[in-house]
Amino acid sequence: MPLTLEALDKFSTRVDASPLLPELLANLSLAQIQEAPLLLGNRAVPAGQIFNITGSSEDGVLQFTGDLTRLQRVGRAMNRGRIEVHGSPSHECGAEMSGGTLVILGDAGHALGIQQRGGTICVSGSVGDNLGGCYPGSLRGQRGGTILVAGNAGDGAGQYQRRGLIVVAGRAGDEAALAQRAGTLVIGGQVGARCAYDQRRGTVVVLAELEKEWRDSGRFHHGYCGRPVVLE
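Parameters and conventions
- Residues numbered from 1 in each chain as written.
- Predicted model: local features only at pLDDT ≥ 70, side-chain atom pairs only at ≥ 80, totals over all residues.
- Heavy atoms only, no water.
- Salt bridge = Lys/Arg side-chain N within 4 Å of Asp/Glu carboxyl O.
- Helix = DSSP H or I, 4+ residues; strand = E, 2+ residues; numbered from the N terminus.
- Buried < 20%, exposed > 50% of the residue type's maximum accessible area, 1.4 Å probe, protein only.
- Disulfide = S-S within 2.5 Å.
- Phe/Tyr/Trp six-rings, centres within 6.5 Å; stacked < 30°, edge-to-face > 60°.
- 1 Å grid on protein atoms, 1.4 Å probe; cavity = no way out; pocket = protein on both sides within 12 Å on 5 of 7 lines; lining within 4 Å.
- Points joined across faces, edges and corners; volume = space filled by probe spheres on them.
- Nonpolar A, V, L, I, M, F, W, Y, C, P; charged D, E, K, R; others polar.
- Pairing = 2+ DSSP bridges.
- Core = buried A, V, L, I, M, F, W, Y, C linked by side-chain atoms within 4.5 Å.
- Axes fitted to C-alpha atoms, helices over the stretch in contact; angles between N-to-C directions.

## Some points on the pattern of salt bridges
One pass over the structure, following the stated rule, counts 9 salt bridges. Arg 181 is the salt-bridge partner of Asp 198, the closest N and O atoms lying 3.4 Å from each other. Of the two residues, Asp 198 sits in the loop between strand S13 (184-187) and strand S14 (203-206) while Arg 181 sits in the loop between strand S12 (163-168) and S13, which places them 17 residues apart along the sequence. Overall, the relative accessible area of 31% leaves Asp 198 in the partly exposed class. A relative accessible area of 16% means that Arg 181 is categorised as buried. A salt bridge links Arg 200 to Asp 198; the nearest nitrogen and oxygen atoms lie 3.4 Å apart. Connected through shared salt-bridge partners, Asp 16, Arg 73, Arg 76, Glu 92 and Glu 96 make up one network.

Shown next, in the form of structure tokens:
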């Protein structure tokens with residue numbers, strides 16, 4: 001049975017889940033995991049105080065359930081194993097991850113997969129701004145790995161992308177693929193203004209509806225019309 005952390009109640013403030021990674025919990029007993037400190041707002045509390053923790057971490061699979069709307073940084077810096085989130089967590093999930101698989105069965109907040117270097121992120125719902133992008137002051141977004149989003153994305157999807165693959169089955173907001181240098185961004189629906197602005201290299205595929213105007217940066221024209229298998 002995978003290690004399961006069920007939120008006991010709606011968190012009073014944000015919770016930083018970055019210490020809860022399969023590679024960090026693999027050799028810990030259930031009692032040790034329950035005593036692991038987590039940041040609840042600006043104070044540290046034991047994980048067992050806010051989660052009902054059951055199962056085992058031996059198989060490298062970690063599950064989150066319950067009301068997770070204030071849970072952030074799930075899978076941050078993850079390098080192996082699998083995390084399944086049964087709900088809609090907050091910001092920075094999968095940030096800087098280099099391996100493993102993060103599956104979110106719901107929506108996700110801003111900065112999903114920000115500065116990702118490897119691994120796979122799958123989201124069944126929609127995500128916020130800065131998908132696969134970069135932190136303020138950095139010029140390096142996604143550098144490897146794969147991000148698959150079944151819903152829509154906010155502004156700045158794939159900005160400063162260097163490598164990797166980002167697929168958004170729905171629509172994306174403004175400034176998608178801003179300053180893209182390499183990698184591939186696929187958008188299944190409409191895209192906002194300034195798509196691929198300051199792009200140097202890389203690939204952007206936008207499957208916008210033909211009867212609607214694509215407000216691009218003025219440097220592109222409509223090409224292939226179809227629906228790649230990856231969107232299915």
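## So, the state of the cysteines
Tallied over the entire structure, the rule returns 0 disulfides. Free cysteine Cys 122: the closest other cysteine sulfur is in Cys 93, separated by 14 Å. Classification of Cys 122 as partly exposed rests on a relative accessible area of 26%. Looking at Cys 134, it has no disulfide partner, and the nearest cysteine sulfur is the one in Cys 195, 16 Å off. On the basis of relative accessibility, which here comes to 6%, the residue Cys 134 falls in the buried class.

## Let's talk about the packing of aromatic side chains
One pass over the structure, following the stated rule, counts 2 aromatic pairs. For the ring pair Phe 11 and Phe 51, a centre distance of 5.6 Å and an interplane angle of 75° mean the geometry is edge-to-face. With Phe 11 in the loop between strand S1 (3-7) and strand S2 (15-16) and Phe 51 in strand S5 (residues 51-54), this pair connects stretches of sequence that are 40 residues apart. This pair shows no difference in class: Phe 11 is buried, exactly as Phe 51 is.

## Some thoughts on empty space enclosed by the protein
Using a probe with the size of a water molecule, rolled over the atoms, empty space left in the structure can be pinpointed. For the coordinates displayed, the defined rule picks out 1 cavity of 30 Å³ or more. The volume enclosed by the largest cavity comes to roughly 40 Å³. Along the walls of the largest cavity sit Leu 3, Pro 22, Leu 25, Ser 57, Gly 60, Val 61 and Leu 62, which together make up its complete lining. Among the secondary structure elements, those contributing two or more residues to the lining of the largest cavity are helix H1 (22-25) and strand S6 (61-65). Here the residues of the lining of the largest cavity sort into 5 nonpolar, 2 polar and no charged.

## Here we look at the sheet that holds S2
With respect to topology, 4 strands assemble into an open sheet ordered S4-S3-S2-S7, the strand pairing being mixed. Two strands in the sheet have a free side with no partner beyond their single neighbour: strand S4 (43-46) and strand S7 (71-72).

## Looking at the nonpolar core
Core analysis: the largest hydrophobic core is formed by 51 residues, its most contacted members being Phe 51, Phe 64, Leu 112 and Leu 131. For this core, the element with the most residues is S1, which contributes 3 residues.

## Thoughts on the sheet that holds S12
The 10 strands lie next to each other as S5-S1-S6-S8-S9-S10-S11-S12-S13-S14, forming an open sheet whose pairing is mixed. Where the open sheet ends on each side, the last strands, each with one partner, are S5 and S14. Taken over all neighbouring pairs, the strand axes of this sheet differ in orientation by 10° on average, direction set aside. Here S1 runs beside S5; their pairing, made up of 4 bridges, is antiparallel. From the neighbouring strand, Ala 7 faces S5, where its bridge partner is Phe 51.

## Examining the pairing of strand S8 (residues 82-85)
When S6 meets S8, the two strands line up parallel, connected through 4 bridges. From the neighbouring strand, Val 61 faces S8, where its bridge partner is Arg 82. Here S8 runs beside strand S9 (residues 101-104); their pairing, made up of 4 bridges, is parallel. Note that in S9 the partner of Glu 84 across the bridge is Val 103.

## Comments concerning the environment of Asp 9
Take Asp 9: it is sitting in the loop between S1 and S2. Owing to a relative accessible area of 58%, Asp 9 belongs among the exposed residues under this scheme. Residues Asp 9 and Glu 84, spaced 75 residues apart in sequence, show a C-alpha to C-alpha distance of 19 Å.

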